[in-house]
Amino acid sequence: MSSQGLIDPAAVAGVGLSGEEIRRYNRHLIMPEIGMVGQRKLKAASVLLIGAGGLGSPAAMYLAAAGVGRLGLIDYDTVDDSNLHRQIIHGTRDVGRSKLESARESIHDINPHVRVELYEVPLTSANALELFRPYDIIIDGTDNFPTRYLTNDACVLLGKPNVYGSIFRFEGQASVFHAAAGPCYRCLFPEPPPPGLVPSCAEGGVLGVLPGIIGTIQATEAIKLIVGIGQPLIGRLLLYDALAMTFDEIRLRKNPDCPACGEHPTITALIDYEQFCGMPAHDHSDYAARTNGGVPSITPGELKRRLDRGDDLLILDVREPEEWAISNLGGLGAVLIPMGQVLEHLDELDPAREIVVQCRSGGRSAAVILELQQRGFGKLLNLEGGINRWALEIDPSLLVY
Ligand code: ZN
């Protein structure tokens, strides 16, 4: 990539700044690294954000404030009150509204000079290339694997930089995947993890400020790429740990055998990413409940009937103790062994007895069942929808979280 940045000089030559904009961007303009030329590059630039959620919120707000001329947003969700502890582009009064409408209002409040384009559709293999093509930079703010691989492959095919971020609990990662200048996401992770093995933020939780930090790093990288300054995160994976308050870095190498950007790429068109990842491209909390393909399961209603008639079933809760404190089936004899400790406690489980494995919404319990099946346990059932669905359908005295 040239040090001039990504923006076509002819496009930069075509934009000027008004007196109001010169006052607004004063603290940029007085820095020689940005100056008038850099600020005009920002105005000539376009950035597409995938997701108007935790990462997309700070990224969109800072890019708007910085004067990026055109911002595109893809999302088809509505604002839920469980979004508000981290998705700061939305407010309490926006609950129930379209995330895109809410985000547009916030962006225009921050900077009315930004042109905002909204795409209220799921991102798919059928529309990704068309949606990405008119933008200079793509920012990946998704939290599911099918969309992440789709975004990567579409960026590689179009030669566009993919500013990546991901978050979980107290830890985050960021990188810039730009196949023309370095590795892509598939160089790092050629294959997705098995379905259910990696819990989503809806399952595992996330510290509210964490996407603020990672999304702001993504905005910083986008601005650097546009202006053509500094050392981009190309070929580096930044690891952030909020509890230890450390930043670490892993050097990434381009994989010559990468199926997307290697010497002999096999991915020459977009594929079916839901099939590739074995899970739907869906961020909602019920997503985990739908990923139980191949795992025998039981609905809360069936479990209730079987317990009522006195069947000998053990309920194994594989959540964390903090979650057990919120709601539990201890009154039905459930035992708590957190997911990460099940293998150490195998001797406490009787393979001859029927075991119903339960978590919050069914994702972690499905992964535990796959593990136990490999160790000779045959009589396992996954509680569909986890304790939250049990609370909704059977026992309304339990808290849903
Ligand atoms: Zn690659």
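Refer to the structure presented above.
Residues numbered from 1 in each chain as written. Predicted model: local features only at pLDDT ≥ 70, side-chain atom pairs only at ≥ 80, totals over all residues. Heavy atoms only, no water.

Asks: Break down the sheet that holds strand β12 (residues 354-358) for me, citing the residues and quoting the values.
Replies: Where strands meet in a sheet, backbone hydrogen bonds hold them as pairs that are either parallel or antiparallel. What the 5 strands build is an open sheet, ordered β9-β13-β12-β10-β11; its pairing is parallel. Here the strands that pair on one side only, and so sit at the sheet edges, are β9 (297-298) and β11 (335-336). The pairing of strand β10 (residues 313-317) with β12 spans 5 bridges and is parallel. Of the residues in β12, the one forming a bridge with Leu 316 is Val 357. (Pairing = 2+ DSSP bridges. Helix = DSSP H or I, 4+ residues; strand = E, 2+ residues; numbered from the N terminus.)

Asks: Requested: an account of the packing of helix α4 (residues 35-44) against helix α11 (residues 210-227), with residues and values cited.
Replies: Contact pair α4 / α11: the axes reach a minimum separation of 9 Å and the direction vectors enclose 110 degrees. Taken together, α4 and α11 sit at an angle that is classed as roughly perpendicular. Pair α4 / α11 crosses with right-handed handedness. Residue-level inspection shows Gly 38, Lys 41 and Leu 42 of α4 in contact with α11, the latter providing Ile 223, Ile 226 and Val 227. (Axes fitted to C-alpha atoms, helices over the stretch in contact; angles between N-to-C directions. Parallel < 35°, antiparallel > 145°, perpendicular 65-115°, else oblique. Left-handed = near helix turned anticlockwise from the far one by under 90°. Contact = heavy atoms within 4.5 Å.)

Asks: Outline the nonpolar core, supporting the account with residue identities and numerical values.
Replies: Leu 63, Leu 71, Ile 107 and Ile 139 are the most contacted members of the largest nonpolar core, which has 44 residues in total. Counting residues in hydrophobic clusters, the runner-up holds 24 residues, among them Leu 48, Ile 50, Tyr 119 and Phe 132. (Core = buried A, V, L, I, M, F, W, Y, C linked by side-chain atoms within 4.5 Å. Buried < 20%, exposed > 50% of the residue type's maximum accessible area, 1.4 Å probe, protein only.)

Asks: For the coordination of the zinc ion, give the residues involved together with the corresponding values.
Replies: For the zinc ion, the protein coordination sphere consists of Cys 184 (SG), Cys 187 (SG), Cys 258 (SG) and Cys 261 (SG), at 2.3 Å. Angles of 93 to 123 degrees at the metal separate the 4 donor atoms of the zinc ion, which places the site in the tetrahedral class. Each donor residue of the zinc ion belongs to the same chain, with the gaps between them written as C-x2-C-x70-C-x2-C. When sorted by exposure, Cys 258 lands in the same class as Cys 261, which is buried. (Donors = N, O, S within 2.8 Å, 3.2 Å for Na, K, Ca; no water. Tetrahedral: all angles 85-135°; square planar, octahedral: opposite > 155°, others 65-115°.)

Asks: An account of the side chain of Asn 144 is requested, with residue identities and associated values reported.
Replies: Topologically, Asn 144 is positioned in the loop between β4 (137-140) and α8 (145-158). Accessibility expressed as a relative area gives 4% for Asn 144, which makes it buried.

Asks: Any chance you could break down the sheet that holds strand β7 (residues 236-241) for me, citing the residues and the numbers?
Replies: Here we have 8 strands laid out as an open sheet, ordered β3-β2-β1-β4-β5-β6-β7-β8, and mixed in their pairing. Both edges of this open sheet fall to β3 (115-119) and β8 (246-251), since each of them pairs with a single strand only. Going across the sheet, the axis of each strand differs from the next one's by a mean of 15 degrees, ignoring polarity. By the bridge criterion, 6 bridges tie β7 to β8 in an arrangement that is antiparallel. Paired with Asp 241 across the two strands is Thr 246, which belongs to β8.

Asks: Go over the pattern of salt bridges, please, and point to the residues and values.
Replies: Considering all chains together, one arrives at 24 salt bridges under this definition. Among the ionic pairs, Asp 153 bridges to Arg 186, the shortest N-O distance being 2.6 Å. Pair noted here: Asp 153 is in helix α8 and Arg 186 is in helix α9 (residues 185-188), with a separation of 33 residues, a long-range link. Each member of the pair, Asp 153 as well as Arg 186, is classed as buried. Where Arg 389 meets Glu 393, a salt bridge forms, and the shortest distance between an N and an O atom there is 2.7 Å. Of the two residues, Arg 389 and Glu 393 are both situated in helix α16 (residues 386-393); the distance of 4 residues between them amounts to about one turn of the helix. Assessed through its relative accessible area of 26%, Arg 389 is described here as partly exposed. Through salt bridges with shared partners, a single ionic network connects Arg 93, Asp 94, Arg 97 and Glu 105. (Salt bridge = Lys/Arg side-chain N within 4 Å of Asp/Glu carboxyl O.)

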